[in-house]
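# Close look at the chain arrangement
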Amino acid sequence: MEGVMPKIGFEQVIGQRLAVSHLQNAVRTGRVSQAYLISGEKGAGKMKLALAFAAALLCAQPKQENGGPEPCGECHSCVQIQAGSHPDVVLLTNERAGAATKTGTLGVALARFVQADVSVKPYYGPYKIYIIPNAENLNQQAQNALLKTLEEPPENVMFILATTEPQKLPATILSRCMRLDFKRVPQNILMEGMRQICIDKGVEITESALKLLANCADGSVRDGLSILDQVLASGEKTVDRDNVLEYVGAAGEDFFIDLTELVSLKKVAEALVLLDGVLADGKDVKQLMKDWTAHYRNLMITKFIKNPEDILNMSTENIRRVQEQSMHISLDEINDAIIRLSKTINDARWST
């Protein structure tokens, strides 16, 4: 329904039960830390969790459901958080500090803003909560200011840091944060979440379409929902695999597995037809070659590493499919493909 503000709550965070349970228990017992670090891949729902936690802590009448407590979504505090206007929930960005930067680095102006603002007591909530998205972009001055605040935290002040690269933060900050690590969301959970969205919208979607959406999302909730939104924007009441292919252009992991298989079997004509279809959908040739090279690299990694989950930035299901393909493609063939593609990519720099 148009005009309705996006709902904020723990139930909006898909596939991160452990992190959600930890924060719900903190709200329930009142035993909260003064700093939390939420780390995970882009699109995993880190900011959704941070806002849900803030809303639950400040909610006037939290509900006991879905493992509870859940922010009610109706009290003055919840409505303000949903609108992004709650005075006790501060999203720390350079724009908020009045110093936008083109580099993306969170710097000295932000550090000064924090040092001045933490001394101001909460307006009407029990906590004043600072949320720092992309915390890996804090520069040295901002890190030092944050560390000083964490060492001598004012009463009722809390920090929630969200990051894709926790290793970029100094150990002195990491040691003062309660850390919550997100996992890549399994394909079946993504499919179930998107199936429910379609049911709520009165749309019938096929299993093959759901599977393709989940494969393309590759463990990222945000990417999956973004593609689904594009598909549903057409207004169709029935969605199948072909509908999804129109939006994703068929260049997901499915495409590279199929293309590599055809090349390995020396089915040149079929491979060219597959390529032609993807290029006709507007895919960039140079990016396609880079992604195909990355696929061969993944095949090589799975040749040598039994459990490649920590190295490959992919969902468990896609890793399994890559492993299955690598079992019947020789190392020499993989090496040759990487060399040929790398040379072609280099040559393409000087040719249209």
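For the structure itself, look to the data block above.
## Considering a negative patch on the surface
Residues E236, D240, D242, E246 and D281 make up a contiguous surface patch of negative charge. Classification of D281 by relative accessible area gives partly exposed; the value is 47%.

## Here we look at helix α8 (residues 187–200)
If you check α8, its first and last C-alpha atoms are 20 Å apart, about what 14 residues at 1.5 Å a residue would give, namely 20 Å. Lining the buried residues of α8 we find β6 (204–205), α9 (207–217), α10 (221–232) and α15 (316–326).

## Description of empty space enclosed by the protein
With the rule as written, the count across this model stands at one cavity of 30 Å³ or more. Size it by volume and the largest cavity reaches roughly 50 Å³. Lining the largest cavity are L92, L110, V114, I132, L138, A142, L146 and F159. Mapped onto the lining of the largest cavity, the elements with two or more residues apiece are α5 (108–117) and α6 (140–151).

## Some details on the pairing of strand β4 (residues 157–163)
Of all seven residues in β4, seven are buried; the element is thus mostly enclosed. Residue alternation in β4 divides its side chains into two sets, V157, F159, L161 and T163 and M158, I160 and A162, and both sets are buried. By the bridge criterion, five bridges tie strand β1 (residues 35–39) to β4 in an arrangement that is parallel. Bridged to A35 within β4 is F159. Sheet topology places strand β3 (residues 128–132) next to β4; five bridges connect them, and they run parallel. Counted as the bridge partner of I132 is L161 from β4. Traced from β3 through α6 to β4, the parallel crossover comes out right-handed.

Analysis parameters
- Residues numbered from 1 in each chain as written.
- Predicted model: local features only at pLDDT ≥ 70, side-chain atom pairs only at ≥ 80, totals over all residues.
- Heavy atoms only, no water.
- Patch = residues over 30% accessible without salt bridge, like charges linked within 9 Å, V, L, I, M, F, W, Y side chains within 5 Å.
- Areas by Shrake-Rupley, 256 points an atom, 1.4 Å probe, with all protein chains shown as cover.
- Salt bridge = Lys/Arg side-chain N within 4 Å of Asp/Glu carboxyl O.
- Lys, Arg positive; Asp, Glu negative; His and termini not counted.
- Charge placed at Lys NZ, Arg CZ, Asp CG, Glu CD.
- Buried < 20%, exposed > 50% of the residue type's maximum accessible area, 1.4 Å probe, protein only.
- Helix = DSSP H or I, 4+ residues; strand = E, 2+ residues; numbered from the N terminus.
- Expected span 1.5 Å × (residues − 1).
- Contact = heavy atoms within 4.5 Å.
- 1 Å grid on protein atoms, 1.4 Å probe; cavity = no way out; pocket = protein on both sides within 12 Å on 5 of 7 lines; lining within 4 Å.
- Points joined across faces, edges and corners; volume = space filled by probe spheres on them.
- Pairing = 2+ DSSP bridges.
- Right-handed = clockwise from strand over helix to strand, strands pointing away.

Read these as geometric descriptors, not functional statements.
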